[in-house]
Amino acid sequence: MRVLEKDDYQLFERLVSLTQKEMHRAMSKYLKSKYSQVKVTKDYIVAIGDIPIALVAHMDTVYKTPVKNLYYDQKKGVMWSPEGLGADDRAGIFAIIKILQSGLRPSVIFTTDEEKGGLGAATLAEKDCPIPNLKYLIQLDRRGTNDCVFYDCYNPAFTTYVESFGFLERYGSFSDISFLCPEWSICGVNLSVGYEDEHSYTEHLDINALFRTIKIVTKMLTQEKIPHFPYREAKNALADLST
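Procedures and definitions
Residues numbered from 1 in each chain as written. Predicted model: local features only at pLDDT ≥ 70, side-chain atom pairs only at ≥ 80, totals over all residues. Heavy atoms only, no water. Salt bridge = Lys/Arg side-chain N within 4 Å of Asp/Glu carboxyl O. Buried < 20%, exposed > 50% of the residue type's maximum accessible area, 1.4 Å probe, protein only. Helix = DSSP H or I, 4+ residues; strand = E, 2+ residues; numbered from the N terminus. Expected span 1.5 Å × (residues − 1). Polar contact = N/O pair within 3.5 Å; in protein donor to acceptor, adjacent residues only side chain to side chain. Phe/Tyr/Trp six-rings, centres within 6.5 Å; stacked < 30°, edge-to-face > 60°. Lys NZ or Arg CZ within 6 Å of the ring centre and 35° of its normal.

**Quick notes on the pattern of salt bridges**
Line of reasoning, step 1. What the rule picks out here adds up to seven salt bridges.
Line of reasoning, step 2. Note that Arg142 is salt-bridged to Asp147, the shortest N-O span being 3.1 Å. The pair formed by Arg142 and Asp147 is uniform in burial state, with each residue classed as buried.
Line of reasoning, step 3. We note a salt bridge from Glu196 to Arg143, for which the minimum N-O separation is 2.9 Å. In this pair, Glu196 sits in strand β11 (residues 195–196) while Arg143 sits in the loop between β7 (136–142) and β8 (147–149), placing the two residues 53 residues apart along the sequence.
Line of reasoning, step 4. On the accessibility criterion, Arg143 (30% relative accessible area) is partly exposed.
Line of reasoning, step 5. Ionic contacts of the salt-bridge type, sharing partners, join the residues Arg2, Asp8 and Lys98 into one network.

**A closer look at helix α7 (residues 207–221)**
Line of reasoning, step 1. Its 15 residues give α7 an end-to-end C-alpha distance of 21 Å, which sits within 8% of 21 Å, the value for a rise of 1.5 Å per residue.
Line of reasoning, step 2. Listed as buried for α7 are Ile207, Ala209, Leu210, Phe211, Thr213, Ile214, Ile216, Val217, Met220 and Leu221.
Line of reasoning, step 3. Capping of α7 at its N-terminal end is provided by Asp206; its side-chain oxygen lies 3.0 Å from the backbone amide nitrogen of Asn208.

**Structural notes on the packing of aromatic side chains**
Line of reasoning, step 1. In the structure shown here, the tally under the stated rule is 12 aromatic pairs.
Line of reasoning, step 2. Look at Tyr136 and Tyr161: their rings are 6.3 Å apart centre to centre, the planes differ by 75°, and that puts the pair in the edge-to-face class. Of this pair, Tyr136 sits in strand β7 while Tyr161 sits in helix α5 (residues 156–163); the two residues are 25 residues apart in sequence, bridging distant segments of the chain.
Line of reasoning, step 3. Classification of Tyr161 as buried rests on a relative accessible area of 15%.
Line of reasoning, step 4. Here the aromatic rings of Tyr161 and Phe229 are separated by 5.3 Å at their centres, their planes lie at 45°, and the arrangement is tilted. Of this pair, Tyr161 sits in helix α5 while Phe229 is found in the loop between α7 and α8 (234–241), placing the two residues 68 residues apart along the sequence. Considered together, Tyr161 and Phe229 belong to a single accessibility category, that of buried residues.
Line of reasoning, step 5. Put simply, the rings of Tyr136, Phe150, Phe158, Tyr161, Phe165 and Phe229 pair up and form one aromatic cluster.
Line of reasoning, step 6. A cation sits over an aromatic face here: Arg105 above Tyr35, 5.8 Å from the ring centre.
Line of reasoning, step 7. Over the ring of Phe167 we find Arg212; its NZ or CZ atom is 5.5 Å from the centre of that ring.

Put into structure tokens, the structure is as follows:
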């Protein structure tokens, strides 16, 4: 059972207390303190790192107001709030910050208005990929404990690779990588970060699942050789099968 240290609890408490505008300002400042190349617009923030993988999370939540009352049950390893936790996707931002605190420097993409239809990611997808030699994207924005979701990205070798780290393929509607992957022709996956009952006032976060994903993503980032997987859209693959 993972117990949140005081610093980690305070970090998460801080993250869920911010509006999207405040989060945008805080993450812009934070990434500029860690990276020499950071692009900031009102729709997204991109930091270019030295590991050819980009981590993706969104800065908004579905709730109109941020958390004022945060509860944490150490015995059960669960966090929640009566105002709506917003772990979708403050858990993803927390995970990225923890990875950066370890000293690793993957590229990072933070978007706005994912909950309004992926508006920030759609705007970014209109641009050429700003990250050189990018192998694949990891979005940290999936419910549950061990899901991996690929959306319209169809590459069985990539699926097998991601599942080899302990995830199981599931299916979802959309996320930021749904816009970025096809436009940039780059494979991407959305991984579980431990929240459940998202978009409701019973939303809660499994701390053990969150830290398990952080540990696994760290392992993916530190592979001796990070593989590249060609992007292929599912509808094209299905069309080939029918011919």
